[in-house]
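So the chains spell out like this:
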Amino acid sequence: LKENYLEILNSEDFLAFIANYKFTIAFENAICQDYITEKLWRPLIVGSVPIYYGSPSFKDWLPNNMSAISVLDFKDPKSLADLLHNLSNNEIEYNKYLTHKLVDNYGIDNKELKIALERNNKWSRNEFGNYVDEFECLVCNNIQNMNKQKTKIVDLKHYDCPLPIHPIKKTTDHQNWWTKQWILEKCGAKVLVQYLKNNLTINMENFEKSKIDLYVKNQC
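All of the points below concern the structure found in this document. Note that the structure is a prediction, hence the values are computed from the model and not measured. (Residues numbered from 1 in each chain as written. Predicted model: local features only at pLDDT ≥ 70, side-chain atom pairs only at ≥ 80, totals over all residues. Heavy atoms only, no water.)

The 3 strands are arranged β1-β2-β3 in an open sheet whose pairing can be described as parallel. Both outer strands of the open sheet, β1 (23–27) and β3 (69–70), are each paired with one neighbouring strand and no more. Where β1 lies against strand β2 (residues 49–53), 5 bridges are found, and the strand directions are parallel. When the bridges of β2 are listed, isoleucine 25 appears paired with isoleucine 51. (Pairing = 2+ DSSP bridges. Helix = DSSP H or I, 4+ residues; strand = E, 2+ residues; numbered from the N terminus.)

Take a look at the structure:
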């Protein structure tokens, strides 16, 4: 892999590569309520149907009910394979999954998505560009209007990411890199809580050391 491989994940060449295929396997690294990544967005953008496994709430963000195929909607891999085979050989049925790309003015039936897109358009100017400046303005404006807005409190369901499990075996591999990273960052969360409770200035070197110490001691 190239050193800058993260930068080419949204390159025109890579998107064109994905667009060659009718379907794209889009499996998230973790199954969490609000964890939806570019693995879903890329194929939607280029017109390849995502075969998705990840956030239970991902359908809330689809253009319509047939924009993606959820692995969890099938009782076994064969049932999913049968559908993919049938769609591959039936252009009319397959195109029903691409109405958000093929219909004039885009076939977006999801009203909540439309509202979110209109709201975020104030600071999100393009699909993959740098919109940090616009986002900072959004945050600044919201801070200025805090007294006028209803207070929002995040509850535990937004932070309920379980240990990663194998999508087929339904087991956790503790030797897997992502599992180790999940546990390590849980240690980091504990360290961060202590910093906040004690009103300490974060020193990244000490922060990382404390995080690794907890990890080694299996105290996460």
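Another aspect to go through is unusual backbone geometry. At asparagine 199, a residue that is not glycine, the phi angle is positive and equals roughly 55°. You can see asparagine 199 is positioned in the loop between α9 (177–197) and α10 (204–216). Given the relative accessible area of 71%, asparagine 199 is considered exposed. Although it is not a glycine, asparagine 218 adopts a positive phi angle of roughly 60°. (Buried < 20%, exposed > 50% of the residue type's maximum accessible area, 1.4 Å probe, protein only.)

What follows covers the pattern of salt bridges. For the structure shown, the criterion picks out 9 salt bridges. The salt bridge involving glutamate 208 is made with lysine 211; its shortest N-O contact spans 3.2 Å. Separated by 3 residues within a single helix, glutamate 208 and lysine 211 lie in helix α10, roughly one turn from each other. Here lysine 209 and aspartate 213 are joined by a salt bridge, their closest N and O atoms 3.3 Å apart. Remark: aspartate 213 and lysine 209 occur in helix α10; sequence separation between them is 4 residues, near one turn of the helix. Linked by salt bridges that have partners in common, Glu38, Lys39 and Arg42 make up one network. (Salt bridge = Lys/Arg side-chain N within 4 Å of Asp/Glu carboxyl O.)

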